[in-house]
Structures are given as structure tokens and as C-alpha cells.
Amino acid sequence: MEYRDFSELAAVTRLRQLARAPFDLTLPGALDARRVEDYRLSSCGFDCLYATQRVDDAVLDGLQDLADEAGVVDKFLAAKEGAVVNRIEGVESENRQVLHTAVRDIFTDSPCHGEASARARQQLDRLRGFLDDLDRGLVVNEKGEAFTTMVQIGIGGSDLGPRALYLALKKYERQGRSARFLANVDPDDAAAVLADLDLSRTLFNVVSKSGTTLETLTNEQLVRDALAGAGLDPGRHLVSVTGAGSPMDNPDNYLASFHMFDYIGGRYSVTSMVGAVTLGFTLGYDAFVDILNGAHEMDRAAEQRNIRRNIPLLMAMLGIWNRNFLGCDTVAVLPYSRALARFPAHLQQCDMESNGKSVSRSGQPVTWATGPVVWGEPGTNGQHAFYQLLHQGTTVVPVEFIGFRQSQFGRDAVVQGTTSQEKLVANMLAQVLALARGRRDGNPNRNFAGNRPGLVLLGERLTPRTMGALLALYESKIIFQGFCWNINSFDQEGVQLGKNLAIRLLNAIEAQGSRAPAGQDSDPAEHALLEACGFLKKAG
Ligand code: G6Q
């Protein structure tokens, strides 16, 4: 497969020329009915409305050429079929396949990657058996009672996605079942999660691909101690999800253990066992399969080469237009849906950990901008807070709005002629228009410059299936961008650095406690900081 640097692509030169005079959304009549209709794409239950981007047909053609020249769809297809795309040439790097799509490609007759899909199917069947045993009362607590709560212990990719989806789909939770999440090593987090928990009816789901993450192992031990302290047998209350062969891969320590595999990156692991166990426990097996099917449908739609027919590809290329040609450093994802409250946090990790890179696939420093800063919050509350900067700040922030025509619960009231759901969606549409068009005012403090790009993703209703599609949409968007920028979106050296640094400081604290001599590689700055903060006694 040919990998070419972004700056070498002919379409980049053409797009740079077009970016000298991008489409002006503030001109009278610029946003007419025809443009709204033409710049709209429907797929997998979502409409993507992008008339409020600073693009015209010439720019869209240029972005299509860019996607074609960079071969982003070909690379996506190759990844699905098992090519080793997680690697950097010429330097030591990860050297893996990227097969998260295979875990939802399992109900088709001809999955893209037979072996990975077969393994995923096997894990899912084991989970189904475990969930059935819980339902049939074959797996119960010490008193023969059913388990009602699952606490997922994990961090980063082993937390954010499953947590975001659980909150998004709480409406579909089975009666008498719920979940909590414990990620941070902050003891107050653990204390808050455990505070009013009935330990006797709780299953703890310890999730760590590596089986070595300090926060997770610490919280696991804390929970084991709490269970033992309450006279309960930790062996009856803990299940695990880990990489095959990891230090945590010891079925003797757990009531049940499930596997994920090295070709599934943490941040792309929601649809693997990393998300399956807690989501299956709370929503039920069938709802989890709906999530997989929604994701699979979007994975298939992402194979389409035409950017005007492929939402993830279109959003990837619009993001590149804003980032590399219009110079925007950041993107806001603003859901007009309370249920999606933690979805931006998941995307923040997935995007920034994937595309926050400055070395190309050939190990050279990049000379072009890569992943933007991604952030977001549910929209209506944001309107009363940070939207001020979006409208009038000196930084232009492209916005991706996400909304639904119908609410999840369907409980609504007509006040002053409209329902709350109508008010919610109207607010979202008003914002995207206002950001794009601006508003002239003689008073400079009340003037809105406009030309702030936005787009709207509108679905019918947030269900397990649409959630799966939305998740896969963003995963593929991120991967397409990484292929276009010619970076490796699948490693995370920055995260590894953090893990190692913390261990060095903790070793220094531990050495003091045991009065062992400081290690030879002890670092004066680390010691000085620990001393200044009162965690080490001053020497001498
Ligand atoms: C995700 C990252 C990172 C990882 C966590 C937890 O892609 O690699 O966020 O998920 O550091 O790692 P473990 O699952 O190995 O505990």
C-alpha cells in the first residue's frame, strides 16, 4: 500500500488556492433552500446537513480528490481485511492489525476478517452464556440473591466509551440492573462509587487490555479489600476483561473472564468485550447486538468512496478543510441530547489519542497540521455558557451538532405551541445558522462576524442501534483523517509516557518509606517536586 505525505498530494495545492476565498456564508441568499438540500446526506439513520460549512462544489471536488489520492478508503478496507496498519516504518513501533470492525462483522456470512470475527463470536457466545446464567439464577451471590449492579473498573479506553454508551442508553436498562464506573485512582472517586453500594449484590468488572494499568490494579485491590472487609468472597464478585496472555489473564481470580485481542485498540474497543460485559449486563444481550449491528451498518457505509455518500468520510474531509486549509485548531462536538453527555469525552480520547501525532508513517516530523483539539458538552446548557466564544471569540471553532427528532422517553409537553423536543432541535438549528450567517450591527459589541462553520447530524431517536452507528461513524472519521495525514492513528506513546513517569515518582515515595537507597536513575527535578509538595522529606 502506498503511503504519501499530505504535503505531496496534488489536491492539497488546489485546495490551498481555493482556501484563499472560501465560500462566504454571510452573503445575502448564500444559504438558500437549494444549498440546504444539495449539501445534505442521509445514511444509516442519520442526516448530515453541511450547508453551513465554508465549502462549495469546487472545494468538495478537491476534498474528493484528496481522499482518493491519499487512498483513505482503500486503506480502511485493507485494515478491515487485516493489513498491519498500526506501524511506523524505519523506527521501533507497534506492529499490529486494526480489527475493531471485525467484532461487529460477526453476523454476516462473509466477514471481512474471518479469524478475528470468529474469535469475537466465541467471546460473545461465552458472554451470552454468562448472562443467561445470571438470568436463570445459576450465578448468584453468597445468599443466593441476584446481582443488581455492575461496577466497571478501568480507565481510558477501558472506561470512556463503555461509560458514554451506558449513559446514552440508560433508558433501555433492564429493570433491577444498573452500572457504575470507577476509573480514576483518586480515592475520593472510589469512595463515592462505593458509598451507597450494596456490595453483596454487586459484580465488579475489571477491564484492562494490558492487565498492568496502575489505576485499575489499585482499584481492583481496593474493591477486593472492601468485599473481604464485608465478609464477602471476592472470587464470587469479580469478572474480568483483558488481553489474552496479559498478567490479569488468570481465570482463577475471577468468576468469569473474557478476552480482547491485541488488534483492538483501547479507544476502539467499546464494541469488544470491553463494552460488551457491562452493556450486556445492564441492557441485555439483544440490545448489545443491536449496538453491534448499528456499528456494522455504518462500517459498511464507510466503504463508499464518494464523499457525498459516506458520512464518516465527508466529515473527515470537511474536518481537514477546516483544519489544514482554514486554519482551525479545534473542533467542538455539541450534542443536543442529555443522553450523549459523555460522548464528547469519549470522542476527545478517540480523536486526540489517535491523531495527536507529529511524526509521519515513515518516522519523519510532519510539516502539516494533524489532529485538532476536540472538546464538547451537551448543547443547550452550553448555550448559556461557552457559546459566547463560539459566536464572538477570536478563535473560530467549527462545530459538529448532534440531535434527534424524537426524545428517548417520548414524554413531552406542549408549552406555547411547541414540545420540548421541538424547542431543543430548534435551538440547535438556530445556533448552526447564527454561527454561519452572523449578524451585522453598527455596535461592534453586538456584531456577529459569522462564517463559523458547523454541521448537523440528525437522527430519528437515540437507540442501541443508532448509538452503534454514531460510534462507528466517529471511529471511521478519525481513521480516515489519520490516513489522509499519513500518521499512525493507532499507537499512543504519549499515554505510555504518562504511565511510566508516574511509576518513577511512586518508586521514589516507596523507596523513602522502605528507607531503601534511591535508585541510580533518580531524577533531581522529580525529587524536588515531590519534596516541594510534601511527599518526600527534604534530604539532610
Ligand atoms: C487507548 C489507550 C489507553 C488505554 C488505557 C487503559 O487506546 O491505549 O487509553 O485504554 O491506558 O489501558 P488498559 O486497558 O491496558 O488498562
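Residues numbered from 1 in each chain as written. Predicted model: local features only at pLDDT ≥ 70, side-chain atom pairs only at ≥ 80, totals over all residues. Heavy atoms only, no water.

A look at the sheet that holds strand E9 (residues 373-375)
Phase 1: With respect to topology, 6 strands assemble into an open sheet ordered E1-E2-E13-E10-E8-E9, the strand pairing being mixed. One side of each edge strand has no neighbouring strand; the edge strands of this open sheet are strand E1 (40-43) and E9. Recorded for the sheet is a direction-independent mean angle of 15° between the axes of neighbouring strands.
Phase 2: Sitting on the sheet, helix H16 (residues 464-485) touches strand E2 (46-49), strand E8 (330-335), strand E10 (399-404) and strand E13 (454-459), and the angle it makes with E10 is about 165°. (Pairing = 2+ DSSP bridges. Helix = DSSP H or I, 4+ residues; strand = E, 2+ residues; numbered from the N terminus. Axes fitted to C-alpha atoms, helices over the stretch in contact; angles between N-to-C directions. Contact = heavy atoms within 4.5 Å.)

A short note on the layout of surface pockets
Phase 1: Estimated volume of the largest pocket: approximately 970 Å³.
Phase 2: In terms of lining, the largest pocket is formed by 46 residues, of which the most central are Ser210, Thr213, Val495, Gln496 and Lys499.
Phase 3: Elements supplying a minimum of two residues to the lining of the largest pocket: strand E5 (202-208), helix H8 (214-229), helix H12 (343-355) and helix H17 (493-514).
Phase 4: Here the element with the most residues in the lining of the largest pocket is H17; it accounts for 8 residues.
Phase 5: For the lining of the largest pocket, a count of residues per class yields 16 nonpolar, 22 polar and 8 charged.
Phase 6: Of the voids in this model, the second largest pocket is the one considered here, and its volume is about 390 Å³.
Phase 7: Taken together, 19 residues line the second largest pocket, and the ones lying closest to its centre are Ser337, Arg338, Ser407, Gln421 and Leu424.
Phase 8: Ranked by the residues each element gives to the lining of the second largest pocket, the list is headed by helix H15 (residues 420-437), at 3 residues. (1 Å grid on protein atoms, 1.4 Å probe; cavity = no way out; pocket = protein on both sides within 12 Å on 5 of 7 lines; lining within 4 Å. Points joined across faces, edges and corners; volume = space filled by probe spheres on them. Nonpolar A, V, L, I, M, F, W, Y, C, P; charged D, E, K, R; others polar.)

Points about helix H7 (residues 187-195)
Phase 1: Those residues of H7 that fall on the buried side of the exposure criterion are Ala190, Val193 and Leu194. Seen from one end, H7 has its buried residues packed into an arc of 90°, which puts them on one side. In H7, those exposed residues whose orientation departs by more than 90 degrees from the buried face are Asp188, Ala192 and Ala195.
Phase 2: For H7, the secondary structure elements touched by its buried residues are strand E3 (149-153), strand E4 (178-182), E5 and H8. (Buried < 20%, exposed > 50% of the residue type's maximum accessible area, 1.4 Å probe, protein only. Arc of directions from axis to C-beta.)

Some thoughts on H15
Phase 1: Between its terminal C-alpha atoms H15 stretches 25 Å, which fits the 26 Å expected from 18 residues at 1.5 Å a residue.
Phase 2: Along H15, the residues classified as buried are Gln421, Leu424, Val425, Met428, Gln431, Val432, Leu435 and Ala436. Down the axis of H15, the buried set is contained in an arc of 130°. They therefore lie on one face.
Phase 3: Against helix H13 (379-383), helix H14 (387-392), E10, strand E12 (418-419) and E13 lie the buried residues of H15.
Phase 4: Downstream of H15 by a residue or two, Gly438 has a phi angle that is positive, lying close to 65°. (Expected span 1.5 Å × (residues − 1).)

Observations concerning the packing of helix H6 (residues 160-168) against helix H9 (residues 273-283)
Phase 1: Two numbers describe how H6 lies on H9: the axes approach to 9 Å, and their chain directions differ by 25°. Relative to H9, H6 is oriented roughly parallel. Between H6 and H9 lies a crossing whose hand is right-handed. In this structure, H6 uses Pro162, Leu165 and Tyr166 to contact H9, whose residues at the interface are Val274, Gly275, Leu279 and Thr282.
Phase 2: By residue class, the composition of the contact of H6 with H9 is 5 nonpolar, 2 polar and no charged. (Parallel < 35°, antiparallel > 145°, perpendicular 65-115°, else oblique. Left-handed = near helix turned anticlockwise from the far one by under 90°.)

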